[in-house]
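One-letter residues, chain by chain:
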Amino acid sequence: MKIKILLFVLLAMFQFAQAQKYVSKNGHIKFFSHAPVEDIEAHNNQVVSILDPATGDLAFNLLIKAFEFKKALMQEHFNENYMESDKYPKSSFKGKITNLDKISFEQDGVYKAEVSGDLTIHNVTKPVTVKGTIEVKGGSVTASAKLIVSPKDYDIAIPSVVENNIAKEIEVSLDATYTVN
Amino acid sequence: MSKKATYILVFILIAIGIAFAVWKYTFRKSVTSVISKKAEIETTAAAILLEYETDEASANFKYLDKIVEVTGTVESVKEDSLSVTVYLKESDSVAGVICSFDRASLDLSGLSSGSGVRIKGICAGYLIDVVLNKCVLLPVM
């Protein structure tokens, strides 16, 4: 049901998108876990993001299963044991740029952006504040940011056997290039 | 050959066999296996999108985690250092199918906006578009 609502909201946003919204359908999110035993890295190239330059509203949506690992077994564990992606297939962020007055989408430049909102992972929603950059160049807009996510905060249980394989704090970096819809 | 040498040889062969099995297990469902496996379902980009738009749950039941082959029209190709994303979309539709390729495994020649393609990959689900991962480009029939 929640997904239906989310989809409805997304579709509704699409309708409003006529009024100059920026949309990115193949944003990239990478996460990196550095632990004593191994480093783990995964990429998702199909992140959907919508940015409203007038209000500063910013949303990200992604499929957990779209994260790709080097080893298929890691990907399987990630989906089945940790993220339970059959039960919780999506992850999202919904927030606002809080320093919108310092960013001009009309003028080329690199701007520092502060964003706060709600991050939902593994069906747990937590408020987050993220510092990132927005680059405006010849009409195209690129957003990038880095944040730290602790699996524990999102009720992701990591068994003690693999404690040394998975970092307590995971570095998530994102970049998305938007086109005007 | 002495008996001892035969035993050692057999032991080495078994060890290699086990190592290979472990390797196979660890890397299964990797790009190579998508290349070698036949698609479980064949469809068109428009049809799979329509199924997801109508009923996501039943479409997930049918396609999720399976190797799906889609035929469609390329709208755009985006590259970065690790991967290539090919976006299939028909001109009269707002959404489409996003196909993600490993950078190394794709020959980009012949991929241009408007051209027809056949792609197989593992279906990861649906956001606004249907998402296929670990894709392989197939010759157009």
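Residues numbered from 1 in each chain as written. Chains lettered and ligands numbered in written order. Predicted model: local features only at pLDDT ≥ 70, side-chain atom pairs only at ≥ 80, totals over all residues. Heavy atoms only, no water.

Asker: Would you explain the overall build of chain A in this entry?
Answerer: From N to C terminus, chain A includes 2 helices and 9 strands. Helices and strands in chain A line up, N terminus first, as α-β-β-β-β-α-β-β-β-β-β. Residues classed as buried in chain A amount to 51% of the 181 residues present. For chain A, the proportion of contacts with a sequence separation of at least 24, taken over those separated by at least 6, is 58%. When the accessible surface of chain A is split by element, carbon and sulfur atoms take 55% of a total near 9,500 Å². (Helix = DSSP H or I, 4+ residues; strand = E, 2+ residues; numbered from the N terminus. Buried < 20%, exposed > 50% of the residue type's maximum accessible area, 1.4 Å probe, protein only. Contact = heavy atoms within 4.5 Å. Areas by Shrake-Rupley, 256 points an atom, 1.4 Å probe, with all protein chains shown as cover.)

Asker: Any chance you could explain the environment of H43 of chain A here in plain terms?
Answerer: Residue position: H43 of chain A is located in strand β2 (residues 39-51). Take H43 of chain A: its relative accessible area is 14%, and that puts it in the buried class. Along the chain, H43 of chain A and S173 of chain A lie 130 residues apart, while their C-alpha atoms are 9.7 Å from each other. Among all residues touching H43 of chain A, those that are not within four sequence positions of it are H28, I29, K30, A66, F67 and E68 of chain A together with L82 of chain B. A distance of 2.8 Å separates a polar atom in the side chain of H43 of chain A from a polar atom in the side chain of H28 of chain A. In terms of polar contacts, H43 of chain A uses its side chain to reach the side chain of E41 of chain A, at 2.7 Å. (Polar contact = N/O pair within 3.5 Å; in protein donor to acceptor, adjacent residues only side chain to side chain.)

Asker: Explanation requested: the pattern of salt bridges in the structure shown.
Answerer: Pairing between side chains of opposite charge can happen when the charged atoms of each approach one another. Applying the stated criterion across every chain, the model contains 12 salt bridges over all chains. K65 of chain A is the salt-bridge partner of D65 of chain B, the closest N and O atoms lying 2.7 Å from each other. Taken together, the residues span two chains, with D65 of chain B in the loop between α4 (56-63) and β2 (67-79) and K65 of chain A in the loop between β3 (57-63) and β4 (68-69). What makes D65 of chain B partly exposed here is its relative accessible area of 39%. Classification of K65 of chain A as buried rests on a relative accessible area of 10%. Ionic pairing is found between E171 of chain A and K146 of chain A, a salt bridge with its closest N-O pair at 3.9 Å. Here E171 of chain A is found in strand β9 (residues 170-180), whereas its partner K146 of chain A is found in strand β8 (residues 140-149), with 25 residues between them in sequence. Its relative accessible area of 29% is what places E171 of chain A among the partly exposed residues. Counted as one network, the salt bridges with shared partners bring together K65 and D86 of chain A together with D65 of chain B. (Salt bridge = Lys/Arg side-chain N within 4 Å of Asp/Glu carboxyl O.)

Asker: When you look at the packing of aromatic side chains in this model, what are you seeing that I'm missing?
Answerer: The geometry of an aromatic ring pair is captured by the separation of the ring centres together with the interplanar angle, meaning the angle of the planes. Residue and element names in this part refer to chain A. Under the definition given, this model contains 9 aromatic pairs over all chains. For the pair F60 and F93, a centre-to-centre distance of 6.4 Å together with 55° between the ring planes defines the contact as tilted. One end of the pair, F60, is in strand β3; the other, F93, is in strand β5 (residues 90-97), and 33 residues separate them in sequence. Each member of the pair, F60 as well as F93, is classed as buried. One aromatic cluster is present, built from ring pairs that chain together F31, F67, F69 and F78. Between the NZ or CZ atom of K126 and the centre of the ring of Y154, over which it lies, the distance is 5.9 Å. (Phe/Tyr/Trp six-rings, centres within 6.5 Å; stacked < 30°, edge-to-face > 60°. Lys NZ or Arg CZ within 6 Å of the ring centre and 35° of its normal.)

Asker: I would appreciate a short explanation of the pairing of β5 of chain A in the present structure.
Answerer: Here is the key point about a regular strand: its side chains alternate between the two faces of the sheet. Residues and elements named next belong to chain A. Burial runs high along β5: 6 of the 8 residues are buried. As defined by bridge partners, β3 adjoins β5 across 7 bridges and the pair is classed as antiparallel. In the sheet register, A59 faces β5, and the bridge partner there is K94. The pairing of β5 with strand β6 (residues 109-121) spans 6 bridges and is classified as antiparallel. Across the sheet, the residue bridging to K94 is D118, located in β6. (Pairing = 2+ DSSP bridges.)

Asker: I would appreciate a short explanation of the interface of chain B and chain A in the present structure.
Answerer: Put simply, an interface is often sized by how much accessible area is lost when its parts join up. Contact with chain B, which involves 29 residues of that partner, is made by 25 residues of chain A. Both faces considered, chain B and chain A share a buried interface measuring about 2,400 Å² in area, 56% of it formed by carbon and sulfur atoms. Taken together, chain B and chain A are joined by 4 salt bridges. Measuring nitrogen to oxygen at the nearest pair gives 2.9 Å for the salt bridge that ties K90 of chain A to E56 of chain B. At the level of elements, α1 (3-27), β3 (83-88), β4 (97-102), β5 (116-126) and β6 (130-138) of chain B are the ones that each hand at least two residues to the side of chain B that touches chain A. Take the side of chain B that touches chain A: its biggest share by element is 4 residues, from β6 of chain B. (Buried area = accessible area lost by both parts, 1.4 Å probe.)

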